[in-house]
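What the coordinates show
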Amino acid sequence: MSDTHEEAHTGPIKNPRQLLVTVLFSFVLPVFAIIGLVTFVTSGNKPAQGVANPEKAVAERIQKVGMVEIRDANRPLRSGEEVFKGQCAACHATGAAGAPKLGDAAAWAPRIQQGFETLVHSALKGKGAMAPQGGGDFDDTEIARGVAYMANAAGAKFAEPNRPGAAEGGAAAPAEGAASGAAPAPAAPASGS
């Protein structure tokens, strides 16, 4: 009786040859299949599907991760109105997220009283729901010009600033020169007493 009982509980592998075949199919074959797939994927130049120019496809795949954009610092500054239309109008034309509307003197009055430099700082660094505007399509001086345009539409008398060190424009109001980062005029030499 014990012989039939042991026979019923044995597994499908009855001899060493079956064990060798099972090990081969279970472990060795999948390892070789994985090695073959890795070799296939990493070998040779395979053009992307539907690409007529394989060299261009390779150049696109190996391009650098980051790109540097060099802007022309000598290009003419855009006017405050252009900056307003390109950057500020989305919120300041409609009053979205509590932004003071263009030309609304009552909403702009407390902001104008804080001074041009404070307004420019808020525009560049962000305030409340307004995101920082520095580093976008417009440089800091152009953002300051946009601030001057919006504030002037509400009754302020700010002059559009020029680039720091720019000789164009002549005399600017003192608050605007300080806000735009213009260098102060050299002092006259002091006469000795």
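Residues numbered from 1 in each chain as written. Predicted model: local features only at pLDDT ≥ 70, side-chain atom pairs only at ≥ 80, totals over all residues. Heavy atoms only, no water.

With an unreviewed UniProt entry as reference, the protein is termed Cytochrome c5, source organism Paracidovorax wautersii.

For the protein, the helix and strand inventory stands at eight helices and zero strands. Beginning at the N terminus, the succession of helices and strands in the protein can be written as α-α-α-α-α-α-α-α. For the protein, the proportion of its 193 residues judged to be buried stands at 21%. Looking at the protein alone, contacts between residues at least 24 apart form 52% of all its contacts between residues at least 6 apart. Carbon and sulfur atoms make up 61% of the accessible area of the protein, which amounts to about 14100 Å² in all. (Helix = DSSP H or I, 4+ residues; strand = E, 2+ residues; numbered from the N terminus. Buried < 20%, exposed > 50% of the residue type's maximum accessible area, 1.4 Å probe, protein only. Contact = heavy atoms within 4.5 Å. Areas by Shrake-Rupley, 256 points an atom, 1.4 Å probe, with all protein chains shown as cover.)

Another point: the nonpolar core. Of all hydrophobic cores here, the largest spans 20 residues; its most connected members are Ile112, Phe116 and Phe158. Broken down by secondary-structure element, the contributors of at least two residues to this core are helix H4 (80–92), helix H5 (105–113), helix H6 (116–125) and helix H7 (140–153). Looking at this core element by element, the count peaks at six residues for H7. (Core = buried A, V, L, I, M, F, W, Y, C linked by side-chain atoms within 4.5 Å.)

The UniProt record annotates "transmembrane region" (unreviewed entry) at residues 20–41. In this annotation, residues 20–41 is assigned 100% helix and 0% strand; the end-to-end C-alpha distance for the span is 31 Å. (UniProt positions renumbered as here; feature names shortened; annotations may be inferred.)

Here the focus is the confidence of the model for the protein. Across the protein, pLDDT averages 74, with 73% of residues at or above 70. Across the protein, the secondary-structure element scoring lowest on mean pLDDT is helix H8 (residues 174–180), at 40, and the one scoring highest is helix H2 (residues 16–42), at 88. Overall, residues 168–193 carries pLDDT values under 50, and its contacts beyond four positions in sequence, including any with other chains, amount to 17 contacts. (pLDDT = per-residue confidence, 0-100.)

Next up on the list: the side chain of threonine 141. With respect to the helices, strands and loops of the structure, threonine 141 is situated in helix H7. Its relative accessible area of 9% is what places threonine 141 among the buried residues. If we ignore the near neighbours within four places in the chain, the residues touching threonine 141 are Leu77, Pro161, Asn162, Arg163 and Pro164.

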